[in-house]
Amino acid sequence: MVSRAYTVAFQGVEARMVEVQCAVTPGLPAFSIVGLPDKAVSEARDRVRTALTSMAIALPSKRITVNLSPADLPKEGSHFDLPIAFALLAALDILPDDITQSVVALGELSLDGTLVPVVGALPAAMAAAEQGRSLLCPAGSGAEAAWVGNAQVIAPASLGDAVRHYTGQSPLDPATPGEVTLNQHSRDLREVKGQERAKRALEIAAAGRHHLMFVGTPGSGKSMLAARLPSILPPLTAAEALDTSMIHSLAGLLDEGGISRARPFREPHHTASMAAIIGGGRQAKPGEVSLAHNGVLFMDEFPEFPRTVLETLRQPIETGEVMIARANAHVKYPCKFMLVAAANPCKCGYLSDPARACARVPHCGEDYLGRISGPLMDRFDLRVDVPPVAFSDLDLPASGASSSEVAARVAAARAVQLARFDGSPGLRVNADAQGDTLEAIATPDAEARALLTRVAEQFHLSARGYHRVIRVARTIADLDGSDGVRKPHIAEAVSFRLPSPVPA
């Protein structure tokens with residue numbers, strides 16, 4: 001007789017159902033696991049055997065075979081311990097087979113039978129809900145998994161507690177969701193002295209999720225501005241929070257099962273590898289672009305990143321998803337993020353200061369920013385020069401709008417966009433609009449169209465650049481409370497894209 005239990009194998013954010021089959025047959029004593037297990041899954045037999053021994057359950061002197069079906073799907077991770085133990089307990093008639101088939105189990109076993117929290121409880125709970133099953137997971141993962149309200153989540157602290165629950169000796173209460181946290185930002189936009197144009201660009205970028213690049217001398221405030229971006233972004237919606245938490249669950253970043261409504265802000269160092277930024281490595285884990293999904297990816301010292309790493313950003317920026325292709329797997333992760341880059345104008349950083357610039361001016365600036373390819377630079381909606389702040393300005397009191405005031409304007413603009421797209425799949429902000437949708441929501445009036453045409457002809461805008469100007473202009477109009485896209489909106493959008501003054 002073959003007993004069965006169920007678990008999941010992760011392919012990106014998708015949790016694929018795996019049937020764990022266990023047969024105890026006559027023969028030489030052995031315990032084998034088949035079905036493309038990795039090293040962690042193969043070692044489960046020793047953890048399961050020792051955990052059962054700690055519960056005074058001795059394995060019979062027979063051949064125990066565990067098959068993980070489908071057999072051609074790679075199985076990775078220690079979360080297979082609990083379903084293997086459950087299938088074995090059913091084969092030994094300790095648990096009813098119908099019980100083990102009604103749950104999706106995942107969890108790592110300690111040698112004393114304690115259940116260790118594992119990553120991926122949230123997508124596993126969603127897969128269980130789709131199958132009409134309950135989820136069994138370690139106590140440390142229960143608060144996270146319970147966010148999926150359509151699946152009952154049982155979260156015992158040990159294998160013994162799980163057995164006592166399903167045999168009716170000591171039933172457990174279903175797990176409850178963790179806390180919803182809203183991060184309080186201590187950094188305020190008013191702390192930045194001067195840089196009003198850069199602050200305006202930051203507000204426009206936040207309102208429409210546009211990609212932004214700061215170029216300025218060292219110490220001009222580029223990183224300081226970017227660090228205050230989270231304080232003006234609206235909180236994640238319920239759908240966005242769940243979507244983002246699915247990725248963070250796979251990366252093990254959810255704190256005590258709580259879900260944060262604050263938008264992710266990722267700032268990798270410029271020595272990060274391609275796998276760290278895009279994703280990959282062992283088990284094809286999500287990279288920084290996916291961890292920044294629905295949030296911000298800030299890349300300081302942008303030209304210092306390896307050229308191969310920068311070029312891999314081009315496709316994710318356009319498509320909003322990244323495909324990690326490996327010999328044995330193709331894994332897709334969502335990555336709709338706002339890219340904010342900061343760069344010095346040249347290697348020495350003082351291209352515009354004759355007193356401190358190096359002898360290679362202006363060639364050093366061309367060579368340094370030349371590390372950023374034209375196609376990648378074309379994907380930035382707003383490009384802002386950040387000049388140095390005068391010493392006399394540093395002693396002035398804080399001025400300009402506070403983060404809370406700017407955040408209110410950004411939230412109002414985002415609400416207009418959300419109502420405009422009215423639940424259209426994949427469309428939430430102006431940066432998502434393209435093709436006929438962009439033409440429908442952001443058609444410039446006659447004066448604005450004439451200005452845009454002159455700019456496109458004079459500065460040889462690409463088709464991508466042309467449409468990105470219209471998107472930014474639509475966001476500026478939303479911040480202005482205007483129904484249509486007019487000449488001042490186009491003029492401001494163009495001024496953030498071109499290095500030269502806009503033609504009259």
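Above this text is the structure in question.
Note that the coordinates shown come from a computational prediction; the quantities given were computed from them, not determined experimentally.

(A) Quick peek at helix α21 (residues 463–480). Between the first and last C-alpha of α21 there are 26 Å, a value that for 18 residues agrees with the 26 Å anticipated at 1.5 Å per step. Among the 18 residues of α21, 14 are classified as buried, and the element is accordingly described as predominantly covered. Immediately beyond the C-terminal end of α21, within one or two residues, lies Gly-481, with a positive phi of roughly 75°.

(B) Seen up close, the packing of aromatic side chains. The tally for this structure, following the rule as stated, stands at three aromatic pairs. A centroid spacing of 5.7 Å and a plane angle of 85° characterise the contact between Phe-302 and Phe-380, whose relative ring orientation is edge-to-face. Here the residue Phe-302 occupies a position in the loop between β16 (296–299) and α13 (307–311), and Phe-380 occupies one in the loop between α16 (374–377) and β20 (382–386), the gap between them amounting to 78 residues. There is no split in this pair, since Phe-302 and Phe-380 are both buried. Sitting over the face of the ring of Tyr-6, Arg-133 holds its NZ or CZ atom 4.0 Å from the ring centroid. Sitting over the ring of Phe-496, Arg-197 keeps its end group 4.2 Å from the ring centre.

(C) Representation of the pattern of salt bridges in the model. Summed over the entire model, instances satisfying the criterion amount to 28 salt bridges. The salt bridge involving Arg-464 is made with Asp-378; its shortest N-O contact spans 3.2 Å. Note that Arg-464 is positioned in helix α21 and Asp-378 in the loop between α16 and β20, a separation of 86 residues in sequence. Salt bridges linked by common partners bring Glu-318, Asp-378, Arg-379, Asp-381, Arg-464, Arg-468 and Arg-497 together as one network.

(D) Geometry of helix α18 (residues 403–421). With 19 residues, α18 extends 27 Å from end C-alpha to end C-alpha; this agrees with the ideal 27 Å at 1.5 Å per step. Regarding α18, the residues found buried are Ser-403, Val-406, Ala-407, Val-410, Ala-413, Arg-414, Gln-417 and Phe-421. An end-on view of α18 places all buried positions within 130° of arc, on one side of the element. Exposed positions of α18 whose direction lies more than 90 degrees from the buried face are Ser-404 and Ala-419. Looking at the buried positions of α18, the neighbouring elements they touch are α8 (196–208), α19 (435–441) and α21. A positive phi of about 50° marks Asp-422, the residue just after α18.

What counts, and where the lines are drawn
Position numbers for residues start from 1 in each chain and track the written sequence from start to end. Given that this is a predicted model, residues contribute local features only at a pLDDT of at least 70 and side-chain atom pairs are listed and counted only at 80 or more, while totals for whole chains, interfaces and linings are drawn from all residues. Side-chain descriptors were evaluated using all non-hydrogen atoms of the structure, hydrogens and water having been removed beforehand. The helix count covers DSSP runs of H or I at least four residues long, the strand count covers runs of E at least two residues long, and both are numbered beginning at the N terminus. What a helix is expected to span follows from its residue count: subtract one and scale by 1.5 Å. Only protein chains enter the accessibility calculation, which uses a 1.4 Å probe; a residue whose area is less than 20% of its type maximum is buried, one above 50% is exposed, and one in between is partly exposed. When the centres of two rings from Phe, Tyr and Trp lie within 6.5 Å, Trp using its six-membered ring, the rings pair. Their planes under 30 degrees apart give stacked, over 60 give edge-to-face, and anything left gives tilted. Two limits define a charge over a ring: the Lys NZ or Arg CZ must be within 6 Å of the ring centre, and within 35 degrees of the ring normal. The salt bridge criterion pairs a side-chain nitrogen of Lys or Arg with a carboxyl oxygen of Asp or Glu, the two atoms within 4 Å. For this quantity, the arc is that covered by the directions from the helix axis to the C-beta atoms. Residue contacts follow a heavy-atom distance rule, with two residues in contact if any of their heavy atoms lie within 4.5 Å.

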